Amino acid sequence: MNEAGWLAEWDAAIAKGNPSAIEEFWLARLDGGVGDGAAFVEALRRLRSAGKKTLGATLLEVATAEAKEEGAWQARKQFLCELLRLRIGNAEEWRSGLEECMRRLWAGRPSLDKLLKRFSLAETRKPLETLDSLEAWLEHDVGGVFAMTGRGPGRVVEANPQLGVLRLDFEKEKHVPVPIDAARKYLTPLPPGHFLRRRLEEKDTLAAEVTRDPQGALAAILEGAGAPMSVPEIKAALAGLLPEDQWTAWWNRAKKNPRLLAVGSGSRVQYRLAGDLGAEEEIRSEFVGASLARQVELARRHAGRNRELGASMGVELLRRAKGPSVEPGVAWEALALAARSGADADEIRAAREVVLAQAGPRSLLESVGDTTHREAVLEFVRGHDKSGWADVFASWLERETNPRLLAKTALALVEKGESTRVQAFVDHVFVQPTRFAAAFVWACEESDPALAGIVDERRGGSLLVRLVELAERREFGPLRGRLKEILSAGGLAERIVQGRLTAEHGRRILQILEHPGELADERNWLRRAVTARFPELRPGVAVEEVVPALASTVTRLQEELRNLLEKEIPATLRAIQEARSHGDLTENFEYHAARARQEYLSARASDLQGDLGRVRVIDPATVDTSRVRVGARVWLEPRAGGARRAVTILGPYEADPEKGIVSHGSEAAQALLEKTPGETVRFDGGTWTVAAVERAG
């Protein structure tokens, strides 16, 4: 009878409450052998919980004597510990019995006698604590071999209870100290035959086996670990056995082991050995009861093991992908795997139509994470919906991030005669580059002749200024490698500097480069290229930016500066002084609020002083209207038809976009400055003609 079975009968006997029956049952179980004693200890715990402590004590003493008769020293040790813990019977006799158990259980340990003398169980007042310490030292006695993370296998060469320290010789380090209190946590015992132990004791022999039989070596590593291992962990187990340059070839051979199974996914994938059923049966068993997402993962990983397994997986994936509540992206990948495994092409096509109809093109595209699968969805939509696919493509442009798919989608629209949609998208991207970071970088890179006319007119000096500004922004972190190419010699930046950069753009770029950034090489090159193109911008030549402003604005700014310096800043400093007098500043809200306001006011005053020192008063009445200049109003007529629009260009302190007034340094103003009546300009996402230039009112 197994442990659970006889404990259930034991509970029934306890419930009846007949002491004689309980005792008879106990003796009958003892006749069958005590084993390791764990079940008997549990049975006595249940008896005590039922209130029969005296009977439990008697039965425990009987079991202790029986264990000695049998020579079951592990069970006797457990029983003696229970007697001592519960303070039953003759403690001196039990402590002596424990010492006998230890001699029997640990016979042959080099330090047994020395340790029994130091941790005297017969004399100690705390025998259970002493027993635990004694066993910790015996578990890690001299000669024992253990693994330690970061150091590999090592042998105990010294056990010093007086200092509480073990010393181990590892492969590369000798006499490494390990406190005994940390030994159980950091040292893993390695039994004879364990792969890591053999690496320590017979390295040359093992190295030859590893090279000769990669599959067998991998099995030995995983069997020794007793748990799934990652590739880095497997590689670490081979340290000193396999040259680094042979690792890749070895791993490719080793992972063909038919018992090898992968668990997890992505960077967290680990490997283990299949059990007695075999790898394929384990895979089939898990596949049958798994969710569709898990089935997709299993098929992706294991369908290639053999044709029959892959085909059966494909049939099931095809069946489940058509379910009404299946996540569309998972269903699409399931169908792709089913097609790869040889499923009928017509059935696959029909199933894809079902998935597309249930989810809709946009939702399906959004749920597909893999670029290849998204491309397949787009192609399927294009072939399936002859009249509406262009709407899907145009809508998807704003969501796509892969440069190849962006180009392919845009080109498909251009070929269909939908260039205006692509143009509108590109305009949108350049107006809001941080929102469409991936598309913005793609538009800077794109070189296909069919798209050049759409993106090229935006690739001027203003774009380079924006690129230098945006390259250091957090939103562009994942794209920084591509931005480096754009901003390097030989990239788009060089073409702009040589052909489309104005001195004003160059000056603004140099101002941005004065602030620190991560792209050191690109920034240094760009600084050299700009100053070579415009020698007047080299260090030592005054390049301070002029701040245009109306006379009334200058008066207003001067009054604001005077108010800051004479009233607001002094008042804030007095508030700081008063708040400081209240004592502890760590939780003094008034003090921190006053300090924050003082910093803001000081920064504002500094900005005003700097701008007023560089101000140039503009008088719209004297502006030359032969072309667009600061102080002018520009009338624009849309090329596509519609109402005219007026844009006034003034200084930064007069700008009010809602009223049609833009700052001279804005991208909108840069697109218009120096243009003459009749010229075509790109402005605010559309194409316009400069109809007239007049003085600002």
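Calculation criteria
Residues numbered from 1 in each chain as written. Predicted model: local features only at pLDDT ≥ 70, side-chain atom pairs only at ≥ 80, totals over all residues. Heavy atoms only, no water. Helix = DSSP H or I, 4+ residues; strand = E, 2+ residues; numbered from the N terminus. Rg over C-alpha atoms; globule rule 2.2 N^0.38 Å. Contact = heavy atoms within 4.5 Å. Areas by Shrake-Rupley, 256 points an atom, 1.4 Å probe, with all protein chains shown as cover. Lys, Arg positive; Asp, Glu negative; His and termini not counted. Charge placed at Lys NZ, Arg CZ, Asp CG, Glu CD. Pairing = 2+ DSSP bridges. Axes fitted to C-alpha atoms, helices over the stretch in contact; angles between N-to-C directions. Parallel < 35°, antiparallel > 145°, perpendicular 65-115°, else oblique. Nonpolar A, V, L, I, M, F, W, Y, C, P; charged D, E, K, R; others polar. Phe/Tyr/Trp six-rings, centres within 6.5 Å; stacked < 30°, edge-to-face > 60°. Buried < 20%, exposed > 50% of the residue type's maximum accessible area, 1.4 Å probe, protein only. Core = buried A, V, L, I, M, F, W, Y, C linked by side-chain atoms within 4.5 Å. Polar contact = N/O pair within 3.5 Å; in protein donor to acceptor, adjacent residues only side chain to side chain. Expected span 1.5 Å × (residues − 1). Disulfide = S-S within 2.5 Å.

A. Local environment of the overall build of the protein. The helix and strand inventory of the protein stands at 34 helices and 14 strands. Since a compact globule built from 697 residues should have a radius of gyration of about 26 Å, the 41 Å found for the protein marks it as more spread out than a globular shape. Taking the principal axes of the C-alpha coordinates as reference, the protein spans close to 120 × 85 × 60 Å. Taking the intrachain contacts of the protein between residues at least 6 apart in sequence as the baseline, contacts between residues at least 24 apart amount to 58%. Accessible surface computed for the protein: about 36,100 Å², of which carbon and sulfur atoms make up 49%. Computed over 99 positive and 103 negative side-chain charges, the separation of the two mean positions in the protein equals 2 Å.

B. Fine view of the pairing of strand 2 (residues 152-160). Where strand 1 (residues 145-148) and strand 2 come together, 4 bridges link them in antiparallel fashion. Bridge pairing in strand 2 places Ala147 opposite Pro153. Taken together, strand 1 and the strand that follows it, strand 2, pair antiparallel across an intervening segment of 3 residues, in which Gly150 is found at a positive phi of about 90°. Judged from the 6 bridges that link them, strand 2 and strand 3 (residues 165-170) form a sheet pairing that is antiparallel. Its bridge partner being in strand 3, Ala159 is matched across the sheet by Leu166. Linkage of strand 2 to strand 3, two consecutive antiparallel strands, is achieved through a turn of 4 residues, within which Gly164 is found at a positive phi near 70°.

C. Fine view of the packing of helix 19 (residues 345-359) against helix 21 (residues 371-384). One way to put it is that helix 19 packs onto helix 21 with a least axis distance of 12 Å and a crossing angle of 95°. As summarised for this structure, helix 19 and helix 21 are arranged roughly perpendicular, according to the angle between their axes. On helix 21, the residues that touch Arg349, Arg352, Glu353 and Leu356 of helix 19 are Phe380, Val381 and His384. Broken down by class, the residue content of the contact of helix 19 with helix 21 amounts to 3 nonpolar, 1 polar and 3 charged.

D. Summary view of the sheet that holds strand 10 (residues 632-638). One open sheet holds the 5 strands; their spatial order is 12-11-10-14-13, and the pairing between them is mixed. What marks the edges here is a single partner per strand, and that holds for strand 12 (661-663) and strand 13 (680-683). Mean inter-strand twist for the sheet, computed between neighbouring axes without regard to direction, equals 45°.

E. Structural context of the pairing of strand 3. Examined bridge by bridge, strand 3 and strand 4 (residues 176-179) share 4 bridges and lie antiparallel to one another. Following the sheet pairing, Leu166 is matched in strand 4 by Val178. Remark: 5 residues form the turn of the hairpin made by strand 3 and strand 4, two consecutive strands paired antiparallel; His175 in that turn has positive phi of roughly 55°.

F. Region of interest: the packing of aromatic side chains. Counted by the stated rule, this structure contains 16 aromatic pairs. With 5.8 Å between their ring centres and 25° between their planes, Trp247 and Trp250 make a pair best called stacked. Of this pair, Trp247 and Trp250 both sit in helix 14 (residues 247-254), 3 residues apart, roughly one helical turn. Classification of Trp250 by relative accessible area gives buried; the value is 4%. Within the aromatic cluster, the residues linked to one another by ring pairs are Trp6, Trp10, Phe25, Trp26, Phe40 and Phe79.

G. A look at the sheet that holds strand 5 (residues 188-189). Strand order in the open sheet formed by 5 strands is 4-3-2-1-5, with antiparallel pairing between adjacent strands. Each edge of the open sheet carries a strand with a single partner, namely strand 4 and strand 5.

H. Up close: the environment of Leu138. When you line up the elements, Leu138 lands in helix 8 (residues 127-139). C-alpha of Leu138 to C-alpha of Gln295: the two residues are 157 residues apart in sequence and 49 Å apart in space. Excluding residues that lie within four positions of it along the chain, Leu138 makes contacts with Met102, Trp106, Arg109, Leu112 and Leu115.

I. Focus on the packing of helix 23 (residues 403-415) against helix 25 (residues 437-445). It is the contact of helix 23 with helix 25, at a shortest axis distance of 10 Å, that shows an interaxial angle of 70°. Our classification of the angle between helix 23 and helix 25 gives roughly perpendicular. Two secondary-structure elements touch here, helix 23 through Pro403, Leu406, Ala407 and Ala410 and helix 25 through Ala438, Ala439, Trp442 and Glu445. Taken together, the residues of the contact of helix 23 with helix 25 break down into 7 nonpolar, no polar and 1 charged.

J. Unusual backbone geometry, seen in detail. Even without a glycine there, the phi angle at His175 is positive, about 55°. For His175, a relative accessible area of 43% puts it in the partly exposed group. Although it is not a glycine, Glu674 adopts a positive phi angle of roughly 75°. Assignment of secondary structure puts Glu674 in the loop between helix 34 (667-672) and strand 13. Judged by its relative accessible area of 44%, Glu674 falls in the partly exposed class.

K. Layout of the nonpolar core. Formed by 91 residues in total, the largest nonpolar core has its most connected members in Leu317, Phe440, Leu464, Leu467, Ile509 and Leu526. When neighbours within four sequence positions are excluded, Leu467 is seen to be in contact with Phe440, Cys444, Leu483, Ile486, Leu487 and Leu492. In terms of nonpolar packing, the next biggest core, distinct from the first, is built from 58 residues, Ala75, Leu84, Phe119 and Met148 among them.

L. Representation of the side chain of Thr124 in the model. Mapped onto the elements, Thr124 comes out in the loop between helix 7 (112-118) and helix 8. Judged by its relative accessible area of 15%, Thr124 is buried. At 3.1 Å, the side chain of Thr124 forms a polar contact with the backbone nitrogen of Lys126. A polar side-chain atom of Thr124 sits 2.8 Å from a polar atom in the side chain of Thr130. Setting aside residues up to four positions removed in sequence, Thr124 forms contacts with Arg95 and Thr130.

M. Looking closely at helix 24 (residues 419-431). The first and last C-alpha atoms of helix 24 sit 18 Å apart over 13 residues, in line with the 18 Å expected at 1.5 Å per residue. Those residues of helix 24 that sit buried are Val422, Gln423, Phe425, Val426, Asp427, Val429 and Phe430.

N. Fine view of the state of the cysteines. Taken as a whole and assessed by the stated rule, the structure comprises 0 disulfides. Residue Cys81 stays outside any disulfide, its sulfur separated by 8.4 Å from that of Cys101, the closest cysteine.

Structural measurements only, silent on function.
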